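# What the coordinates show
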Amino acid sequence: MSVDITLYGYTTSPYVRKVSCYLYYKELPFKFVGVSPVEPEKTIAFSGGTQVPVLKIGEEWRRDSSKVGVWLDELFPAKPLLSQNDKDRQKITAIDDWVSDQFIPGMIFRSAIEAEMNDAFKKRAWRLADIVSSGAKMPDHIKEAWPEILKNAGFIKDLVAHLDMNEPFQVMQMRLIGELAQHLGNGPFLGGYDAPSMADLAVYGQMMFMYQVGLTDVLPLGEHPTLRPWLENVSTHLPRNPWCVDEAFITNPWPFD
Ligand SMILES: N[C@@H](CCC(=O)N[C@@H](CS)C(=O)NCC(=O)O)C(=O)O
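Cut-offs and rules
Residues numbered from 1 in each chain as written. Predicted model: local features only at pLDDT ≥ 70, side-chain atom pairs only at ≥ 80, totals over all residues. Heavy atoms only, no water. Helix = DSSP H or I, 4+ residues; strand = E, 2+ residues; numbered from the N terminus. Buried < 20%, exposed > 50% of the residue type's maximum accessible area, 1.4 Å probe, protein only. Phe/Tyr/Trp six-rings, centres within 6.5 Å; stacked < 30°, edge-to-face > 60°. Lys NZ or Arg CZ within 6 Å of the ring centre and 35° of its normal. Expected span 1.5 Å × (residues − 1). Contact = heavy atoms within 4.5 Å. Core = buried A, V, L, I, M, F, W, Y, C linked by side-chain atoms within 4.5 Å.

Within the element layout of this structure, Gly178 appears in helix H9 (residues 169–184). For Gly178, a relative accessible area of 31% translates into the label partly exposed. Taking the C-alpha atoms as reference points, Gly178 and Leu227, separated by 49 residues in sequence, lie 9.9 Å from one another.

Tallied over the entire structure, the rule returns nine aromatic pairs. Through a chain of ring-to-ring contacts, the aromatic side chains of Tyr8, Phe46 and Trp61 assemble into a single cluster. Taking the ring centre of Tyr25 as reference, the NZ or CZ of Lys79 above it sits at 4.6 Å.

So, on to H9. The terminal C-alpha atoms of H9, which comprises 16 residues, lie 23 Å apart, in line with the 22 Å expected from a rise of 1.5 Å per residue. Looking only at H9, the buried set comprises Phe169, Met172, Leu176, Ile177, Leu180, Ala181 and Leu184. Among the structural elements, helix H4 (86–114), helix H10 (198–212) and helix H11 (227–235) are those in contact with the buried residues of H9. Note on H9: the residue one or two positions beyond its end, Gly185, has a positive phi of about 50°.

Our next topic: the nonpolar core. In terms of nonpolar packing, the biggest core is built from 84 residues, with Leu55, Leu72 and Trp230 touching the most fellow members. Ranked by residues supplied to this core, first place goes to H10 with 11 residues. Setting aside residues up to four positions removed in sequence, Leu55 forms contacts with Ile5, Thr6, Leu7, Val19, Leu23, Glu60, Trp61, Arg62, Val68, Trp71 and Leu72.

Structure, rendered in structure tokens:
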């Protein structure tokens, strides 16, 4: 089946990265259309909302990264993101839900809320603004204000609202990494499967992006005895830059050479 596939979003969104990894993993050619978070209606008015990612295939579209994964498997069953078998499907879905509801908010969005408004935070925020703007140009005054915008974004507050903020941030991060290692078990992929699923790609998209575009100096999980080899394993199923950003943004060396 040859049909136009378009991913709408900004690649600084963890959920958009999930979907770009799904598409690359399944080797489905697609076009990326950058969405401006301040003027989403310019590109995704057809969806009737402001949330990304939105994936359009032919004339149909879906929102929500996990639902998009299910839809992709229905249309393009090769290299499944989920299993055909009910029990395995439930297990993969449960891990993917944990990634979307716990791991991503806890590891990524909570850092925007907790971080001090210092030079390091501002530098990271401005880098994120540059990446967003490379996909859908934002005015300079908006880019300049990105640190404050991130700190006050209602959708980020909503994404962390269900987390237990009484658990200190670092304790939460260590717990989430421990839970990820438990999901991996003896591997080679999450849940103990022989091939990557949507759950693996969902986490990979977070750790690798942050490092590759220079938001962190070292690869998160890069010292972990089982999670580092797992990241390397997942990387062999994807191109080195599945992030829908120009190569110029990839500033850190490939970590697995
Ligand atoms: N559950 C959704 C979450 C998507 C989401 O929260 N997207 C954020 C960007 S990270 C967004 O579009 N926020 C702006 C808005 O909702 O208007 C998914 O998995 O796709």
